[in-house]
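Coordinate analysis (summary)
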Amino acid sequence: MAAVLELVAGSYEQITFGYQVKTDEKEWTAKAEFTHHAHTASVSAVAASERFVVTGSKDETIQVYNMKKRIEHGALLHHDGTITCLEFYGTSHLLSGGEDGLLCVWSTKKWECLKSIKAHKGHVTSLSIHPSGKLALSVGTDKTLRTWNLINGRSAFIKNIKQNAHIVRWSPDGDRYVVVMNDKVNIYELETATVTGTVANPKRIASVNFLNNSILAVAGDDETVRLCDVEKAKWVCDFKAHETRVKTVDSVNVDDYSVVVTASNDGFIKMWKIHLKEELEPPTLLGEVNTSARLTCLAVRRTSPMQQEITEEEAPQATTSEELLPELLRTKRVRIATEEVVLEDESKPKKKKKKNSGK
């Protein structure tokens, strides 16, 4: 049964574009599903879950769309400044970061802000949720990397770094993470929290995405996408993706290969097929679509025809990593934790541990 892919992209022109991709032919085609002008400034961030799509903007709002009902759900108005990053954990929670230094945790049931903390002294530039849902990382313009414990709701660790980092990402298995500063990618191991390797890109890095546990796609301020082996800390492949700089890169695994999706200032969204084997070869172009806009951000939604028929009440919980879904569903403790995600301001004095108070 063919997978159904949807592409959602934001632009400088304040418009959000949605496309459904036909994947059952040799050349994939992207059919326009919607264009929406909900923001009054450029779209700065986008994230997608099984049920919702959210877009953040320089107009300080987060717009929510229910993709099952195909309706606009409303706006979240908590941040004071540009929305810089958005990420879902499964179907239950959304985390958002902004130029106001706030990190906000939202419940997707009633779209309530469960907790809002001053996470960084400057802007929050990027955040990433661990595949287990127990930890989150954030970086900001205060030259710190912060680890958040999402079970007890406290700042677990603060690491001072030499420069302002603008991207942080967990690997799919959660054993390592990468921190991007200008044109460099620092690779960290979770167990030791130390840098195990560094790679330098020729230009400033705009976006990164893990294709699997060892291969990281890196897009920068040029037309080339480069693939890095994070275990060996070296470049293993590169290809010209666009005519101008690549703004963002995302990916999804289909059958025995990975689909890398790139978006550029040239207005094109392109889908690339790559087999993740020992000797990586440049990918082949599966399909492309011209939005005629200056694209800023991108997210890929994957559903199947079977999933589309499932009613909202029956829909199973999803995770940010498809491969971890069976394991997480078996781990009752993790499921409970995701229902009780709260974060607290680290500036508050720590209290002695109490038995579960219920909040």
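Residues numbered from 1 in each chain as written. Predicted model: local features only at pLDDT ≥ 70, side-chain atom pairs only at ≥ 80, totals over all residues. Heavy atoms only, no water.

Quick look at the overall build of the protein chain now. If you tally the helices and strands in the protein chain, you get 3 helices and 28 strands. Buried positions account for 53% of the 359 residues belonging to the protein chain. For the protein chain, restricting intrachain contacts to residue pairs at least 6 apart in sequence, the fraction spanning at least 24 positions comes to 44%. (Helix = DSSP H or I, 4+ residues; strand = E, 2+ residues; numbered from the N terminus. Buried < 20%, exposed > 50% of the residue type's maximum accessible area, 1.4 Å probe, protein only. Contact = heavy atoms within 4.5 Å.)

The buried fraction of strand β13 (residues 135-140) is high, at 6 of 6 residues. Residue alternation in β13 divides its side chains into two sets, L135, L137 and V139 and A136, S138 and G140, and both sets are buried. Across 5 bridges, the pairing between strand β12 (residues 124-129) and β13 is antiparallel. Within β13, the residue paired with S128 across the bridge is L137. In this antiparallel pair of consecutive strands, β12 and β13, the connection spans 5 residues, and G133 shows a positive phi of 80 degrees. Two strands pair when backbone bridges link them, and β13 and strand β14 (residues 144-149) are joined in this way by 5 bridges, in the antiparallel orientation. (Pairing = 2+ DSSP bridges.)

In this section: the sheet that holds strand β3 (residues 29-36). The 4 strands lie next to each other as β3-β2-β1-β28, forming an open sheet whose pairing is antiparallel. With partners counted over all chains shown, the strands left at the sheet margins are β3 and β28 (295-303), one partner each. Between one strand axis and the next, the sheet turns by 20 degrees as a mean value, whatever way the strands run. (Axes fitted to C-alpha atoms, helices over the stretch in contact; angles between N-to-C directions.)

Per the UniProt record, "repeat: WD" (unreviewed entry) is found at residues 36-68, 76-116, 117-158 and 239-282. Helix and strand shares over residues 36-68 are 0% and 55% respectively, and the end C-alpha atoms of the span are 16 Å apart. (UniProt positions renumbered as here; feature names shortened; annotations may be inferred.)

In the structure shown here, the tally under the stated rule is 14 salt bridges. Between R294 and E13 there is a salt bridge whose closest N-O contact spans 3.1 Å. Residue R294 is found in the loop between β27 (284-290) and β28, and its partner E13 is found in the loop between β1 (4-11) and β2 (16-22); the two are separated by 281 residues along the sequence. The residue K68 makes a salt bridge to E50 at a minimum N-O spacing of 4.0 Å. With K68 in the loop between β6 (62-66) and β7 (71-76) and E50 in the loop between β4 (43-48) and β5 (52-57), the pair connects residues that are 18 residues apart, well separated along the chain. Through salt bridges with shared partners, one network takes in E6, E33, R70 and R301. (Salt bridge = Lys/Arg side-chain N within 4 Å of Asp/Glu carboxyl O.)

Think of a pair of aromatic rings as described by two things: how far the centres are apart, and how the planes are tilted against each other in angle. Taken as a whole and judged by the stated rule, the model has 4 aromatic pairs. Judged by centre distance (5.2 Å) and plane angle (70 degrees), the ring pair of W170 and Y177 falls under edge-to-face. Of the residues examined, Y177 reaches a relative accessible area of 5% and is grouped as buried. Pairing Y177 with Y188 gives two aromatic rings, centres 4.9 Å apart and planes at 10 degrees, and the pair type is stacked. Placement of the pair is Y177 in strand β17 (residues 176-181) and Y188 in strand β18 (residues 184-189), with a sequence separation of 11 residues. Residue classification places Y188 among the buried residues on the basis of a relative accessible area of 2%. Taken together, the ring pairs connect W170, Y177 and Y188 into an aromatic cluster. Directly above the ring of F268 sits K270, whose terminal nitrogen or CZ lies 5.7 Å from the centroid. K273 extends its terminal NZ or CZ atom over the ring of Y257, reaching a point 4.4 Å from the ring centre. (Phe/Tyr/Trp six-rings, centres within 6.5 Å; stacked < 30°, edge-to-face > 60°. Lys NZ or Arg CZ within 6 Å of the ring centre and 35° of its normal.)

Take unusual backbone geometry next. Despite not being glycine, N182 shows a phi value in the positive range, around 60 degrees. One can find N182 in the loop between β17 and β18. Here the phi dihedral of A233 falls at roughly 55 degrees; this positive angle occurs in a residue that is not glycine. Looking at the element boundaries, A233 is found in the loop between β22 (224-229) and β23 (234-240). Since its relative accessible area comes to 22%, A233 is described here as partly exposed.

Moving on, we get to the sheet that holds strand β9 (residues 93-98). Pairing between sheet strands relies on hydrogen bonds along the backbone, with the strands arranged either parallel or antiparallel. What the 4 strands build is an open sheet, ordered β8-β9-β10-β11; its pairing is antiparallel. At either margin of the open sheet sits one strand with a lone partner, and together these are β8 (83-89) and β11 (112-118). For this sheet, the mean angle separating the axes of adjacent strands, direction not counted, is 15 degrees. In this structure, strand β10 (residues 102-107) lies alongside β11, joined through 6 bridges in antiparallel fashion. Residue pairing across strands places L103 opposite I117, the latter belonging to β11.

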